[in-house]
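# Examining the three-dimensional arrangement
Each chain, letter by letter, is given below.
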Amino acid sequence: MIKLGDYNTLKAIRRAEQGFYLEGDEASGDILLPNRYVPDGFPIGKEIEVFVYLDQEERLIATTEKPLAKVGEFASLEVAWINKYGAFLKWGLMKDLFCPFREQKQRMEVGKHYIVYVKEDEETHRLMATAKVEKHLVAAPASAGSVSSGFPAGPTEPLHHGDPCDCLVWQKTDLGFKAIINNRYQGQIYDNQIFQPLHSGNRLTAYIDHVRQDGKIDITLQPTGRQHTLDFAEVLLRYLYENDGYCDLGDKSDAELIYDRFKVSKKAYKKAIGDLYRRRLIVIEEEGIRLA
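Residues numbered from 1 in each chain as written. Predicted model: local features only at pLDDT ≥ 70, side-chain atom pairs only at ≥ 80, totals over all residues. Heavy atoms only, no water.

### What to know about the nonpolar core
The biggest cluster of nonpolar side chains holds 22 residues, and the ones touching the most others in it are Tyr53, Leu77, Leu89, Trp91, Leu97, Met108 and Val116. Taken together, the elements giving at least two residues each to this core come down to strand E4 (47–54), strand E6 (74–82), strand E7 (86–90), strand E8 (97–100), strand E9 (113–120) and strand E10 (127–130). Core analysis: the next-biggest nonpolar cluster, separate from the first, contains 20 residues, Val138, Leu159, Cys167 and Tyr185 among them. (Core = buried A, V, L, I, M, F, W, Y, C linked by side-chain atoms within 4.5 Å. Buried < 20%, exposed > 50% of the residue type's maximum accessible area, 1.4 Å probe, protein only. Helix = DSSP H or I, 4+ residues; strand = E, 2+ residues; numbered from the N terminus.)

### Remarks on the environment of arginine 261
When you line up the elements, arginine 261 lands in helix H2 (residues 255–262). Between the C-alpha atoms of arginine 261 and leucine 249, which are twelve residues apart in sequence, the distance is 9.5 Å. Dropping the residues within four chain positions of it, arginine 261 is found in contact with Tyr239, Cys247, Asp248 and Leu249. In this structure the side chain of arginine 261 is engaged in a polar contact, spanning 2.7 Å, whose partner is the side chain of aspartate 248. (Contact = heavy atoms within 4.5 Å. Polar contact = N/O pair within 3.5 Å; in protein donor to acceptor, adjacent residues only side chain to side chain.)

### With respect to the packing of aromatic side chains
The geometry of an aromatic ring pair comes down to the distance between the two centres and the angle between the two planes. Counted according to the given criterion, the structure contains ten aromatic pairs. Between tyrosine 53 and tryptophan 91 the ring centres are 6.3 Å apart and the planes differ by 85°, which places this aromatic pair in the edge-to-face class. Of this pair, tyrosine 53 sits in strand E4 while tryptophan 91 sits in the loop between E7 and E8, placing them 38 residues apart in sequence. Measuring from ring centre to ring centre gives 5.7 Å for phenylalanine 262 and tyrosine 269, while their planes differ by 25°; the resulting arrangement is stacked. For the pair formed by phenylalanine 262 and tyrosine 269, the shared burial category is buried. Ring pairs connect the aromatic residues Tyr7, Phe51, Tyr53 and Trp91, which therefore count as one cluster. One cation-aromatic arrangement involves arginine 14 over tyrosine 21; the distance from NZ or CZ to the ring centre is 4.3 Å. (Phe/Tyr/Trp six-rings, centres within 6.5 Å; stacked < 30°, edge-to-face > 60°. Lys NZ or Arg CZ within 6 Å of the ring centre and 35° of its normal.)

### Brief notes about the environment of alanine 292
Mapped onto the elements of the fold, alanine 292 is located in the segment after strand E18 (289–291). The exposed category is assigned to alanine 292, whose relative accessible area is 71%. Beyond its immediate sequence surroundings of up to four residues, alanine 292 is in contact with Arg280, Leu281, Ile282 and Val283.

### Some remarks on the sheet that holds strand E15 (residues 217–220)
One key point about sheets: their strands pair by backbone hydrogen bonds, in either a parallel or an antiparallel sense. The strand order around the closed barrel built from five strands is E11-E12-E13-E15-E14, with neighbouring strands paired in mixed fashion. On average, each strand axis in the sheet is tilted by 55° relative to the strand beside it, whichever way the strands run. Taken together, the six bridges between strand E12 (residues 176–181) and strand E13 (residues 185–190) define a ladder with antiparallel strand orientation. In the strand pairing of E13, alanine 179 is matched with glycine 187. (Pairing = 2+ DSSP bridges. Axes fitted to C-alpha atoms, helices over the stretch in contact; angles between N-to-C directions.)

Here you go:
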């Protein structure tokens, strides 16, 4: 079955003036891969991975270009142009992605980026974007008796403290930033965990801190857990050896100074100091630390 708005591996069955036709299914028929996307020396009978979407005349068409998001994914997309029906977003393909006014939380403006979810319209079966992303988030697996988040129940795979996750920064709040985690859950990054400039649309690796009973996730931008402490402790020890055995940052130093130098949180820095001190490798002074 052909997956619209997704990647499909299809076989080339015949050549035409405008490109190769790839074998579809009974419902879709054969699908054109235009000449501009055909690799040099591509033969009849060979399979190729393509993205299938609709062209300007709403016909299935294949491309080897990779969009910024496929159906079922979230992305930060820029508005290319607007007409009386809605906005058209740049998503990396020849044809821009339509976001009707009814799917906008506020009227979109040309040149600005918005967090959207890509979906297939249930009525027209056209691909479209919606800025009402909350409707497409699910509750992360939590303990029995948890409070309802208002999101549908999500998959049941466990999420563990310290696990790395994909993080799409969503919007600023009084507490920090909302984020979309692993393309399905709502996350929160608190201000005291932020040691770098963040903006809506940033995509980065974050780490699970805590799955709340309401199905939302608290995340950090720094690795957590004992292994991270040990790893950074070795980095700090090497720094001391390379800098005459002294570091002028102690456990009372400003968090931003610590992050600027070592790219870790103050919490991680203090844990590494504690680890080195317990191993009797350093002494703690008033204004910093020194090799023992």
